[in-house]
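An overview of the molecular structure
Listed below are the residues making up each chain.
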Amino acid sequence: MTSFGPQIIAGLLLGLVLGLIAKYTGHTTETPNALGTTLSTIGSSYVTLLKAAVVPLIFTAVVSSIANLREVTNAARLAGQTLLWFGITALIAVSIGMVLGTVLQPGANSSATPPEDYTGGTGSWWAFLEGLIPANFLGLEASTQAVDTGDLTTSLSFNVLQVLVVAAAIGIAALKVGKPAEPFLAFNASALAVIQKVLWWIIRLAPLGTVGLIGRAVATYGWDTIGSLGKFTLAIYVGLALVLFVVYPILIRMHGLSVKQYFSGAWPAIQLAFVSRSSVGTLPLTQRVAERNLGVPRAYASFAVPLGATTKMDGCAAIYPAISAIFVAQFFGVDLELVHYLLIALVSVLGSAATAGTTGAVVMLTLTLSTLGLPLAGVGLLLAVDPILDMGRTAVNVAGQALIPTIVAKREGILDHGLYNAERTGDPFADDSAPVEHAVPMEESGAVPALVGSGSGTRDA
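Residues numbered from 1 in each chain as written. Predicted model: local features only at pLDDT ≥ 70, side-chain atom pairs only at ≥ 80, totals over all residues. Heavy atoms only, no water.

**Notes on the overall build of the protein chain**
Definition in use: For helices the rule is a DSSP run of H or I covering at least 4 residues; for strands it is a run of E covering at least 2, with both sets numbered from the N terminus onward. When accessible area is computed with a 1.4 Å probe and restricted to protein chains, residues below 20% of their type maximum are described as buried, those above 50% as exposed, and intermediate ones as partly exposed. Contacts were defined at the residue level, with two residues in contact if any of their heavy atoms lie within 4.5 Å. Surface accessibility in these figures is a Shrake-Rupley result with a 1.4 Å probe; residues are shielded only by whichever protein chains are displayed.
Across its full length, the protein chain carries 18 helices and two strands. Taking all 461 residues of the protein chain together, 52% fall into the buried category. Considering only contacts in the protein chain between residues 6 or more positions apart, those separated by 24 or more positions represent 81%. Surface summary for the protein chain: the accessible area is close to 18800 Å², and the carbon and sulfur share equals 65%.

And the structure:
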């Protein structure tokens, strides 16, 4: 019970029990009870802690990554391979979604009630270009809303894509400056080590956060909200399962890697993604398992994993919009032609990048529907089951965000096979007191010296 995996499972079971108790003792969104409120507070507080670590982690990790890439001749190739495999897996996922939507016909003869006109925001193809331009140094965005009392409340959020751009610009500038920038790069490396220590403490609280997150979901939504959208929900989860347990294992085996080792290594992040419903919130843990369990060099992982957290979403941006668009067309009696299916594929492969920094599955769906000319009221129709779907979607997203860097590292000969094939101890978050020993023989991997041994922290086995 001192191992991380069993603790997460125990948290899931305890959260499920407490959530059911809260639900059947009268907890609702309008009239919350003490247990339901406690679970919600624990869950939301844990996700807030994770998100608080994202900006300093991305900034210091990306700057350090660029500094480590000074001696690497294939940095541009790594970036190109990463984006290429993002697109390949997205295309496979959206194809599965379209086949399932066509075969299962989730929107045909549905008894769901048509919603009122949907008034939410819509996705925009300009969002990607606009999102690349930093509004400020930290990529912060402020929004002000009026509450029921008439008062105005202002909240701050961050744009991960803008943080990436700022960090990359500063890292490149430091390289151009040369020797005068060495103290800055040394300070940045030291700050990264401190941030990772704090992050380790936060991640160790994941079992407690799991209790609150799954308990809140069960207490607030239960499973009775599926109702008339049961066939649609089933189609989504079948698609997610096919991608996670069929497509990904095939890709892993195609590259000569162990499927068991991949899942045992990535599973902590997949579990947390399922209960937290946040790819960005899970990002620190995703990067951790990619480096520590899957053997992806830190210099590459610190670029690929944050990029994946904003643009690599096989669940939210491929399976979900494909099946949802077909559902909406069937529900409103719109016949789809070949060109519509091609547009769905195009939007799914490119749309996650086009809406990066602003996207959730809902925004991605509005982008797909508006591109196809389908009624946006269909978004409101599906919102009732969105929280239940979001758990599975996010788990698949994060699994893909850990998979692609692993595949690319293997293809480029920089994967640490010693870490990838190591026996799992159940605790991939050992203290960061000594450098990771990247154990790939140079003659076997062709690894670049700047990438080998670039991480920090003890090996997990």
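Still to come is the rest of the account.
**Some details on the confidence of the model for the protein chain**
Worth spelling out the cut-off: Along the chain, pLDDT gives the predictor's confidence residue by residue, from 0 to 100.
Taken as a whole, the protein chain shows an average pLDDT of 78; of its residues, 75% reach a score of 70 or greater. Ranking the helices and strands of the protein chain by mean pLDDT puts helix H8 (residues 230-254) first, with 94, and helix H18 (residues 442-445) last, with 36. Within the model, the stretch residues 355-359 combines pLDDT values under 50 with 16 contacts to residues more than four positions away or in other chains. Between residues 431-461, whose pLDDT stays under 50, and residues either more than four places distant or in other chains, the model counts 89 contacts.

**Focus on the side chain of Ser276**
Applicable threshold: Distance and chemistry together define a polar contact, namely a pair of N or O atoms within 3.5 Å, with one atom able to donate a hydrogen and the other to accept it when in protein, and with adjacent residues in sequence counting only for side-chain atoms on both sides.
In this fold, Ser276 is placed in helix H9 (residues 259-276). The class for Ser276 is buried, based on a relative accessible area of 7%. Separated by 2.8 Å, the side chain of Ser276 and the backbone oxygen of Leu272 make a polar contact. A polar contact is formed between the side chain of Ser276 and the side chain of Thr282, at a distance of 3.3 Å. Not counting residues within four places of it along the chain, the set of residues in contact with Ser276 comprises Val47, Leu213 and Thr282.

**A look at the packing of helix H6 (residues 182-204) against helix H10 (residues 279-292)**
How two helices sit against one another is set out by the angle between their axes and by the gap between those axes. This is how the line gets drawn: Note on definitions: angles span 0 to 180 degrees between N-to-C directions of axes, and those axes are lines fitted to C-alpha atoms, for helices only across the stretch in contact. Oblique is the label for any angle not under 35 degrees, not over 145, and not in the 65 to 115 range, which are roughly parallel, roughly antiparallel and roughly perpendicular in turn. Each residue is assigned to one of three groups, with Ala, Val, Leu, Ile, Met, Phe, Trp, Tyr, Cys and Pro labelled nonpolar, Asp, Glu, Lys and Arg labelled charged, and all others, Gly among them, labelled polar.
The N-to-C vectors of H6 and H10 enclose an angle of 105°; their axes lie 11 Å apart at closest approach. Between H6 and H10, the interaxial angle falls into the category roughly perpendicular. Residue-level contacts link Gln196, Leu199, Trp200 and Ile203 of H6 to Pro284, Leu285 and Arg288 of H10. Across the contact of H6 with H10, the residue classes break down as five nonpolar, one polar and one charged.

**Here's the deal with the pattern of salt bridges**
The test is simple: For salt bridges, the criterion is a side-chain nitrogen of Lys or Arg within 4 Å of an Asp or Glu carboxyl oxygen.
Enumeration according to the criterion identifies six salt bridges in this entry. Where Arg393 meets Asp386, a salt bridge forms, and the shortest distance between an N and an O atom there is 3.0 Å. Owing to a relative accessible area of 1%, Arg393 belongs among the buried residues under this scheme. Judged by its relative accessible area of 11%, Asp386 is buried. Beyond isolated ion pairs, a larger network of salt bridges with shared partners links Arg277, Asp386, Asp390 and Arg393.

**Quick look at H8**
The condition that has to hold: Each helix should span, by expectation, one fewer than its residue count multiplied by 1.5 Å. Two axes enter the definition of the bend at a residue: one is fitted to the seven residues ending there, the other to the seven starting there, and the bend is the angle between them.
Helix length check: H8 (25 residues) gives 35 Å between terminal C-alpha atoms against 36 Å at 1.5 Å per residue, within 8%. Maximal helix bending in H8 amounts to about 30°, located at Val243. Backbone geometry just downstream of H8 places Gly256 in the positive-phi region, at approximately 75°.

**A word on the environment of Ser258**
Residue position: Ser258 is located in the loop between H8 and H9. Residue classification places Ser258 among the partly exposed positions, given a relative accessible area of 23%. Taking the C-alpha atoms as reference points, Ser258 and Asn421, separated by 163 residues in sequence, lie 7.8 Å from one another. If we ignore the near neighbours within four places in the chain, the residues touching Ser258 are Ile252, Arg253 and Tyr420.

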